[in-house]
Amino acid sequence: MPVHAGMSHMGIEMAKRDYYEVLGVAKNASEEEIKKAYRKIAMANHPDTHPNDKDAEERFKEASEAYEVLSDKTKRQNYDQFGFAGVDGAAGGYSNVYRDFSDLFSGSGFGGFGDIFDSFFGGGSRSRSSSPNVVRGASLQYTATVSFKDAIFGTKVDVSYTHDDACETCHGTGGSGMKTCPTCHGSGQVARGSGFFQMATTCPTCHGSGQVIENPCSTCHGTGLRKKSEKLSVTIPCGTEDGTRLVLRGKGNAGPNGGPAGDLLVSVHVLDDRYFVRDGRNVFLQVPISFTQAALGCEIEVPLVEGGKVRVSVPAGIQSGKSLRLKNRGVPAFRGSVDDRGDMYLTLVVETPKHLGLKARGLMKELAQVLGEDASPSPIPFER
Ligand SMILES: [Zn+2]
Ligand SMILES: [Zn+2]
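Treat the numbers as computed from the prediction; the structure is a model and nothing was measured.

(A) Here's a closer look at the nonpolar core. Ranked by size, the top nonpolar core spans 22 residues in total, and within it I300, V314, M344, L346 and L348 carry the most contacts. Elements with a contribution of two residues or more to this core: α9 (148-153), β11 (282-290), β12 (298-303), β13 (309-314), β14 (323-326) and β15 (344-351). With four residues, the top contributor of residues to this core is β11. Dropping the residues within four chain positions of it, M344 is found in contact with F276, V283, L285, P303, L304, L324, R325, L326, R329 and G330.

(B) Quick peek at a negative patch on the surface. On the surface, E241, D242, D272 and D279 cluster together to form a negatively charged patch. Take D242: it is sitting in the loop between β7 (225-236) and β8 (245-248).

(C) The sheet that holds β15, seen in detail. The mixed open sheet is built from four strands, whose spatial order is β10-β11-β15-β14. The open sheet has two edge strands with one neighbour each: β10 (277-279) and β14. Each strand of the sheet is rotated relative to its neighbour by a mean of 30°, with strand direction disregarded. Where β11 lies against β15, eight bridges are found, and the strand directions are parallel. Following the sheet pairing, V283 is matched in β15 by M344.

(D) Just the confidence of the model for the chain, in detail. Counting all residues, the mean pLDDT for the chain is 81, and 82% of those residues have values of 70 or more. Counting contacts from residues 89-132, a segment whose pLDDT is below 50, to residues more than four positions away or on other chains yields 81 contacts.

(E) The arrangement of helix α5 (residues 73-82) in detail. Its side-chain oxygen at 3.0 Å from the backbone nitrogen of T74, D72 defines the N-terminal cap of α5. Of the residues trailing α5, G83 is marked for its positive phi of about 75°.

(F) Just the packing of helix α3 (residues 31-45) against helix α4 (residues 54-70), in detail. At their nearest, the axes of α3 and α4 sit 9 Å apart, and the two run at 160° to each other. In terms of axis orientation, α3 runs roughly antiparallel to α4. Taken as a pair, α3 and α4 cross one another with a handedness that is left-handed. Contacts between α3 and α4 involve I34, K35, Y38, I41, A42 and N45 on the former and, on the latter, A56, E57, R59, F60, A63, S64, Y67 and L70. Along the lines of polarity and charge, the residues of the contact of α3 with α4 split into nine nonpolar, two polar and three charged.

(G) Layout of the sheet that holds strand β1 (residues 140-146). In space, the three strands of this open sheet follow the order β1-β9-β8, with mixed pairing throughout. Bordering the open sheet on either side are β1 and β8, each of which pairs with just one other strand. When the angles between neighbouring strand axes are averaged without regard to direction, this sheet yields 25°. Here β1 pairs with strand β9 (residues 264-270) via seven bridges, running parallel. Following the sheet pairing, L140 is matched in β9 by L264.

Conventions we followed
- Residues numbered from 1 in each chain as written.
- Chains lettered and ligands numbered in written order.
- Predicted model: local features only at pLDDT ≥ 70, side-chain atom pairs only at ≥ 80, totals over all residues.
- Heavy atoms only, no water.
- Core = buried A, V, L, I, M, F, W, Y, C linked by side-chain atoms within 4.5 Å.
- Buried < 20%, exposed > 50% of the residue type's maximum accessible area, 1.4 Å probe, protein only.
- Helix = DSSP H or I, 4+ residues; strand = E, 2+ residues; numbered from the N terminus.
- Contact = heavy atoms within 4.5 Å.
- Patch = residues over 30% accessible without salt bridge, like charges linked within 9 Å, V, L, I, M, F, W, Y side chains within 5 Å.
- Areas by Shrake-Rupley, 256 points an atom, 1.4 Å probe, with all protein chains shown as cover.
- Salt bridge = Lys/Arg side-chain N within 4 Å of Asp/Glu carboxyl O.
- Lys, Arg positive; Asp, Glu negative; His and termini not counted.
- Charge placed at Lys NZ, Arg CZ, Asp CG, Glu CD.
- Pairing = 2+ DSSP bridges.
- Axes fitted to C-alpha atoms, helices over the stretch in contact; angles between N-to-C directions.
- pLDDT = per-residue confidence, 0-100.
- Polar contact = N/O pair within 3.5 Å; in protein donor to acceptor, adjacent residues only side chain to side chain.
- Parallel < 35°, antiparallel > 145°, perpendicular 65-115°, else oblique.
- Left-handed = near helix turned anticlockwise from the far one by under 90°.
- Nonpolar A, V, L, I, M, F, W, Y, C, P; charged D, E, K, R; others polar.

Okay, here's the thing in C-alpha cells:
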C-alpha cells in the first residue's frame, strides 16, 4: 500500500510553498537543474537515514511533490500558468516519483537506495529488490498453425524450438565465487537514455542479479546457460479459437544463475475452412438449392465439420437466406466434452436458373400465368 503524503488534510494546502522555492531553483531552471536540486534535497532528508525526524520527512515529501510536477513538461506548464490549481491531483502524492526514484539514483553509487525506499513505503512493489539474486528466464513465443477441424476437436502438435537451459557442467551456477557486480554496484540495474528522462534497464554485466562470478565455468563462460533444442508434443484442446495462447510453464529460457525458467507461450493460429465458418461454438454453412427445390421442399445431403454427411429435410416454401439448425453439430466448449457441442446452421441460398431451354422456358411462363404473377409487384416493407 503506497503511502500518500498528508495531502488528505486540506490545511496543508494553505501553507504550501511554491514548487520552485521548495527545490531552490529559478523559474526558468533547466530539467537538469531541477533534477539535481531534487536529488540533493531527497538525499539530505531521506526518511530512512533520518528516522523519526518529522521535519526531514516533511521536506522530503514536499520536494518529491515539487519534483513530480516540475519534472513533467505538461504538469510544469500547467503549474506555471495556473499555480497549484493547474496540477490538482498531482498534489495527491509522490507515488510516481517514488517509482522512478531508484532510477534517478542508479549509476551514482547508490545502488541500495531502491531497497531502502521500498521498505519506507511499505515495500513489495519491486520483486527484484525483495530477492535481488533471483532472475526469471525469458518466456518464449511460438505460433502453432492448426486446421479448422483440429481446432474444433483438438489435436497434438509437435513444437520444436531452441531455448536456454541450465549448463550441465556448473548446474546453472555459472561457476564459483561471487562478488558484487562492478557495473551496477549490486543493484542489477543501470540508467539508460540521454537527457532528463532516464530509464532503468537490466545491467548487461550481471543480467540483473547484482553479482558476478569470480571463477566462471569454462563450458558456459559464466552464463550458467547452454542452448538446447527441444521438441514437445503440445495438446491443442477441443474448442480452441484462433489466437488462443497456451502457456507451458517453465518451458522457456532458464533464468541466469540458476533462476527459474520462463514459459513457452504457444499462440494457436486456426486456418480458415473453404466452406465452414465458425462463430464461437456455432458453425455456419451456405447451401445452394434450386428454386423448385425451395418451392416444393426437398431432402439434401450436407457435409459435417467432423467429416461425413447428413440428410436434411428442407421444408416446402423456404425463402432464400433462411437458416436451418442442426443441433449438437457445432463446436465443443474449450477443453469441454466433444459430445456436448454447439449447433450448425445451414443457410439456404435459392439459386435462380440462368439458362433455360425452350421447354423449361415454356413451363416457366405457364407457371407464371397459373400463379397469376403481376407484372408490376409492389415493394416489400422492411421487417421490424
Ligand atoms: Zn557452466
Ligand atoms: Zn550488474
